[in-house]
Structures are given as C-alpha cells and as structure tokens.
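Analysis of the macromolecular model
Here's the letter readout for the chains.
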Amino acid sequence: MSSKIKKADLDWKNLPFDYHKTDYNIRFHHKDGRWSGGELVESEHINLHMAAPAIHYGQQAFEGLKAFETQDGRIVCFRPDENGKRLQRSSERIYIPVFPVETFTDAVRTVIKANAKYVPPYGTGASMYLRPVVFGTGPRVGLGPASEYLLIIFGTPVGPYYKGGFTPVKALVVEDYDRAAPQGVGDCKVGGNYAAGLGGGQYGKNLGFPVVLYLDPREKKYIDEFSTSNFIAVKGNTYITPRSESILPSITNDSLAVIAADMGMKVEKRQVEISELADFDEVGAVGTAAVITPVNQIKFRDREYTFGKGDAAGEVITKLYKRLTGIQTGDDADKFGWLHEIAV
Ligand SMILES: *Cc1c(COP(=O)(O)O)cnc(C)c1O
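Report on the accompanying structure.

For the rest of this paragraph, the subject is the environment of Glu39. Turning to its location among the elements, Glu39 is positioned in strand E3 (residues 39-41). Note: C-alpha distance between Glu39 and Tyr24 (15 residues apart in sequence) is 9.6 Å. With near-sequence residues (within four places) excluded, Glu39 lies in contact with Asn25, Ile26 and Arg27.

If you want it as structure tokens, here you go:
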C-alpha cells in the first residue's frame, strides 16, 4: 500500500544527514512560571535577545529522535516518551523549567503531522529527524538561570548518517581531551558538551579517524563513549556497554540491549576497561542518527585493535541493526511497544 499523503518532491535516496526546510515547527514559551500552549510556526528563524543566557552561558538542552513511514503507509515515531523524559532530566540539571512528557510527545506528533509530506517514503533508507531544543531567552548578564525560555521542535528529512550506510569506520582513543567532567553534565544532552567535543573530534579527523572514543575523565582507565554515540561491544554471546557517570544514556543503546536479551544474549552494563579492547569480537557506535555504526578498528596509543570481519560488520551487530531498523520501519513486529503511530 502506498502512503496516503502526496510527498514532497525530493531526491529521497540521496538525502544528506543535514538540515532541510520543512513547512512548520512548533514553539512553546515559558514565562511567569508557566509554559504556553504550542504554536505551529512557518518561520525558520527566532528573534533572540542578545543577552539571552543560552548564548552566553549555554543554558540549553536538546533531543534527537526519528519518525518513519512503514511498508503499509503508516507514520510512526520511535520511543518519543523516552526523549521527553531525558529532556526533563537534562533540563533539571541546568535549571531549565521541565516540560511535561505528554505535552512533549503530543508536540512531536503535531510537528510530524504538519510536515507529513517530508517523512521519507518507506524503502528509501531515509527518515524524518526531529530536533527538540529548549533554551534560556530572557535577558540576563550575571550568571543565573534565564527568566524566560523557548522550546522548539522542528523536523527535517535526513538520509543515513554516514554516506556509506552500514559500513565500518575506524576510531581513535583520545587521551588528551575529555568531553565531560566526572560530575559535570556528560550524562545530559546539553549543548556545552558538544562544543567541548569539537576539539577532540577535529584532532581525530586530522589523523584520519572519523570518530573518537573518550575514556572516563576521572581515571582514564575505562571506556566512556564516542563523541555523539554510546559504545557497545560483543564478546561471544555477551552484549557489553559501559556504565559511567559521564555518559549520555542512549535510547538506541537501551533498545539494542533489550533486543540482545531477547535474542538470548547476556547483557552486561558495567565499567569496561580500555585494556578489554583486546577481548572484543565486535564493536559498534550507537545512537539515533546511525542506529549502529560498526567500528572495525580502534587505535589506542600505538596499538590497533580490529573487530568484525575485515571490511564488513560482524554478524551480531548486523543482526542487532536489522532487528532494530526492522521494528522502526514496521517490517518486524513492534513486540516491545516502542512505536507511536501518528494519525495523519
Ligand atoms: C544523543 C547522544 C547519544 C545517543 O543517544 P540516542 O538516544 O540513542 O540517540 C549518545 N551519546 C551522546 C553523547 C549523545 O549526545
């Protein structure tokens, strides 16, 4: 069955992972202690006071999630309630007034529905990426929380994160950079973390590594995560992922761990020593944008560790990838109840 909606005229199969204009975004204002109702807006721009704490002190939090068209023409969104909860946790940490989870999921639905013609057709490998962002707008010069806030959710059709799709990349362990402090905000999706990661990321790119892997900032002994994705490893029949106070709790990682357990794998969430790299069969970088990026080589100091099968991803990671993307596109049963259907 084809979709009910006349789609925008886009080259769906060659979309980059980048911003593409859609018709509407939704906005909520926080003023005098309460959030306003949502307003669908056509403008891509905001009129921001130059003394907004968001741009001086980084009082800002964001999210990333995806919507898909299924084979039978439905539009579904993957676990938006989890993003709503995580945005609340990030907001609390940096004194942004929390936004109700139910209002969040409703707003996500509204934006998807208003831009339904930009949800890429089933089978193209593309999806609609939703970017909620909340930040302090009320003018203020000294350090302190803003008096007013703006929350915006926009959607943009995107292709695969890495052009080659599900192809392995190589990573570099950076020891001279941290992305987060031990009791800082590494476990929150707040803008400052990513500005802090640009230096380490560029250092890796200059040496030919598209992704960098960070160690725990306290002891530099345990694996933390990649710049914008969690670390997972497969060792025999075990799914291993680090536990750390400075890692962003990934919804993709959480979902893959559930699928791994369902496949009969043992799941270990624990501190993972960097020296364990030698023991792993497969490694992946996981997050909403790419789901899993197989990592087939990691350079740590002067040693190179290899994983997977030469130029191809390992079997287990491939299977996990197929199971999760199969659920997202409706090819496989949504046995864990992760999909929110958008009525259009
Ligand atoms: C967003 C993000 C992830 C991935 O989280 P998902 O919920 O799976 O998209 C992982 N690490 C960092 C640092 C992130 O910002």
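The structure having been displayed, the exposition proceeds.
Turning our attention to the environment of Ala285. Relative to the assigned elements, Ala285 resides in strand E15 (residues 282-287). Exposure remark for Ala285: the relative accessible area of 5% places this residue in the buried category. As for Ala285 and Asp224, which are separated by 61 residues in sequence, their C-alpha atoms are 11 Å apart. Discounting chain neighbours no more than four positions away, the residues touching Ala285 are Phe226, Ser229, Asn230, Val291, Ile292, Thr293 and Val295.

Before going further, it helps to spend a moment on the nonpolar core. Counting residues in each nonpolar core, the largest one holds 35 residues, and the members touching the most others are Val108, Ile112, Leu130, Leu151 and Ile153. The set of elements that each furnish at least two residues to this core consists of strand E1 (25-31), strand E5 (65-69), strand E6 (75-78), helix H3 (101-114), strand E7 (127-136) and strand E8 (149-158). With five residues, the single largest contributor to this core is H3. What Leu130 contacts, discounting residues up to four positions off in sequence, is Glu63, Gly64, Leu65, Lys66, Ala67, Val108, Val111, Ile112, Ile153, Phe154 and Gly155. By size, the runner-up hydrophobic cluster in this structure holds 22 residues, among which are Ile223, Phe226, Val295 and Ile298.

Between side chains of opposite charge, a pair can form as their charged atoms come close. Within this structure, the stated rule accounts for 17 salt bridges. Salt-bridge contacts for Asp72 lead to Arg74; the nearest nitrogen and oxygen are separated by 3.1 Å. On the basis of relative accessibility, which here comes to 36%, the residue Asp72 falls in the partly exposed class. Given a relative accessible area of 25%, Arg74 falls into the partly exposed group. Here Glu175 and Arg301 are joined by a salt bridge, their closest N and O atoms 2.7 Å apart.

Our focus in this paragraph is the site of the ligand. Contacts to the ligand come from 15 residues, most closely from Lys189, Tyr194, Ser250, Thr252 and Thr288. In this structure, an oxygen atom belonging to the ligand sits 2.6 Å away from a side-chain N or O atom of Thr252. Relative to its free-state accessible area of 380 Å², the ligand is covered by the protein chains to the extent of 96%. Residue composition of the shell around the ligand, by class: three nonpolar, eight polar and four charged.

Let us look at helix H6 (residues 315-328). For H6, built from 14 residues, the straight-helix expectation of 20 Å at 1.5 Å per residue is met to within 8% by its first-to-last C-alpha distance of 20 Å. Those residues of H6 not exposed but buried are Val316, Ile317, Thr318, Leu320, Leu324, Gly326, Ile327 and Gln328. Trailing H6 by a residue or two, Gly330 shows a phi angle of about 75 degrees, which is positive.

With that settled, consider empty space enclosed by the protein. Taken as a whole and assessed by the stated rule, the structure comprises two cavities of 30 Å³ or more. Estimated volume of the largest cavity: approximately 90 Å³. Forming the walls of the largest cavity are Gly64, Leu65, Lys66, Phe78, Asn83, Ile251, Thr252, Gly287, Thr288, Val291, Leu324 and Gln328. If you list the elements that add at least two residues to the lining of the largest cavity, you get E5, helix H5 (251-262) and H6. Split by domain, the residues of the lining of the largest cavity number at least three in each of domain 1 (12-159) and domain 2 (169-328). Estimates place the volume of the second largest cavity at around 30 Å³. Surrounding the second largest cavity, Asp178, Arg179, Ala180, Tyr214, Leu215, Pro217, Asp224 and Ser246 form its lining. When grouped by side-chain class, the residues that make up the lining of the second largest cavity number four nonpolar, one polar and three charged.

Definitions and cut-offs
Residues numbered from 1 in each chain as written. Predicted model: local features only at pLDDT ≥ 70, side-chain atom pairs only at ≥ 80, totals over all residues. Heavy atoms only, no water. Helix = DSSP H or I, 4+ residues; strand = E, 2+ residues; numbered from the N terminus. Contact = heavy atoms within 4.5 Å. Buried < 20%, exposed > 50% of the residue type's maximum accessible area, 1.4 Å probe, protein only. Core = buried A, V, L, I, M, F, W, Y, C linked by side-chain atoms within 4.5 Å. Salt bridge = Lys/Arg side-chain N within 4 Å of Asp/Glu carboxyl O. Near = heavy atom within 4 Å. Polar contact = N/O pair within 3.5 Å; in protein donor to acceptor, adjacent residues only side chain to side chain. Areas by Shrake-Rupley, 256 points an atom, 1.4 Å probe, with all protein chains shown as cover. Nonpolar A, V, L, I, M, F, W, Y, C, P; charged D, E, K, R; others polar. Expected span 1.5 Å × (residues − 1). 1 Å grid on protein atoms, 1.4 Å probe; cavity = no way out; pocket = protein on both sides within 12 Å on 5 of 7 lines; lining within 4 Å. Points joined across faces, edges and corners; volume = space filled by probe spheres on them. Domains from an automatic or database assignment.

The values are spatial; any link to function lies outside them.
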